[in-house]
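Below, each chain spelled out in residue letters.
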Amino acid sequence: MATQTHLSLLSKPSPPPPNQLLEFPRTGFNPRKTSRFKCLASQSGFFTKLGRLIKEKAKSDVEKIFSGFSKTRDNLAVIDELLLYWNLSETDRILDELEEILLVSDFGPRITIKIVERLREDILAGKLKSGSEIKDALKTSVLELLIKKGNKTELQLGFRKPAVIMIVGVNGGGKTTSLGKLAYRLKKEGAKILMAAGDTFRAAASDQLEIWAERTECEIVVAEKEKAKASSVLSQAVKRGKEQGFDIVLCDTSGRLHTNYSLMEELIACKKAVSKIVPGAPNEILLVLDGNTGLNMLPQAREFNEVVGITGFVLTKLDGSARGGCVVSVVDELGIPVKFVGVGEGVEDLQPFDAEAFVNAIFS
């Protein structure tokens, strides 16, 4: 671990622009034509352009989303067999089995019952007359839920530089790795990124983040000394980001159990520290959740949201879980959008979340 605060000059330095609000020229921008992946920057400017590039990349990466949820898709493939020979007289039996399949896939009891009862009503009303129509209605129900309760999947990066993103979560969820992959994606689209090694509890955390800084050719700020306060490290990083014209500061934090009150309070201190440097920061507080924990992620999400106000979720390790329904459950429970999903171990396998691509991937 580094023993003093420094910047790893791993990318070519450029003259720092003046620290001021971005200028927004008239570009014929039509907000009605923007995607859900836009990065809001007063409707125009650098962050909006960045958002458009992320959207284009997300479209080209749909196949990765599709393959990443292969186990969930295999689990739900039973639905096709179940509905193949559907007839009206067996409606109750088939819907009971469908309910069980959704529960096993971690859709959660509340939304499972909601979806199944809606299907039952439509079947009895004569609106659904075949197995294929029932499956289409099932997909539509899930998609509508995701869009209604978690439609703001775009990164909200404001209109000041630097935008600040804090990454939080429990131990072992994949925070540092997710931060590194996010840095890679943003850097690839032209953003100047500064990393902040705010995980001051785990001995190897700074070393791990420095490896990601080298990998992504980003600069990094680490603690001056061991056991430094995380809020101090983040404050210094945001200050440096402001002075040297960085576009985005990505702030790592220590993993903590949502039941540890004192450590959760530290997150409040981190949030206050960066807001003193850049008004309105952090722009995003992303909670990293391990998809393999299934519905057990919900208590974590509730507590983190209550303490610091989560703006979005990053769901990791979904490539190894046959319970992708947890994506739907967390959105339904808290009304907070999923912004990224981890569908593999590669550097490009952190994908912007797209509800339609997700639904098509698990119900193919």
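Presented here is an overview of the structure given in this document. Fair warning: this is a prediction, and the values are worked out from it, not measured in the lab. (Residues numbered from 1 in each chain as written. Predicted model: local features only at pLDDT ≥ 70, side-chain atom pairs only at ≥ 80, totals over all residues. Heavy atoms only, no water.)

**A word on the layout of surface pockets**
So, point 1. Put simply, the largest pocket is a space of about 220 Å³.
So, point 2. For the largest pocket, the lining is made up of 15 residues, of which Thr177, Lys181, Thr316, Lys317 and Gly344 are closest to its centre.
So, point 3. In terms of residue count, helix H8 (residues 175-188) provides more of the lining of the largest pocket than any other element does, three residues in total.
So, point 4. Its residues placed into classes, the lining of the largest pocket shows two nonpolar, nine polar and four charged. (1 Å grid on protein atoms, 1.4 Å probe; cavity = no way out; pocket = protein on both sides within 12 Å on 5 of 7 lines; lining within 4 Å. Points joined across faces, edges and corners; volume = space filled by probe spheres on them. Helix = DSSP H or I, 4+ residues; strand = E, 2+ residues; numbered from the N terminus. Nonpolar A, V, L, I, M, F, W, Y, C, P; charged D, E, K, R; others polar.)

**Section: the packing of helix H5 (residues 91-104) against helix H6 (residues 109-124)**
So, point 1. Remark: H5 packs on H6, axes separated minimally by 10 Å, with the N-to-C direction vectors making an angle of 155°. Between H5 and H6, the angle falls in the class roughly antiparallel. The element H5 and its partner H6 pack so that their crossing is right-handed. Two secondary-structure elements touch here, H5 through Thr91, Asp92, Leu95, Asp96, Leu98, Glu99, Leu102 and Leu103 and H6 through Pro109, Thr112, Ile115, Val116, Leu119, Arg120 and Ile123.
So, point 2. Tallied by class, the residues present in the contact of H5 with H6 amount to nine nonpolar, two polar and four charged. (Axes fitted to C-alpha atoms, helices over the stretch in contact; angles between N-to-C directions. Parallel < 35°, antiparallel > 145°, perpendicular 65-115°, else oblique. Left-handed = near helix turned anticlockwise from the far one by under 90°. Contact = heavy atoms within 4.5 Å.)

**Digging into the pattern of salt bridges**
So, point 1. Within this structure, the stated rule accounts for 15 salt bridges.
So, point 2. Asp80 is paired through a salt bridge with Lys135; the nearest N and O atoms lie 2.7 Å apart. With Asp80 in helix H4 (residues 78-84) and Lys135 in helix H7 (residues 131-149), the pair connects residues that are 55 residues apart, well separated along the chain.
So, point 3. Classification of Lys135 by relative accessible area gives buried; the value is 13%. (Salt bridge = Lys/Arg side-chain N within 4 Å of Asp/Glu carboxyl O. Buried < 20%, exposed > 50% of the residue type's maximum accessible area, 1.4 Å probe, protein only.)

Take it as geometry only, folks, not as evidence of what the structure does.
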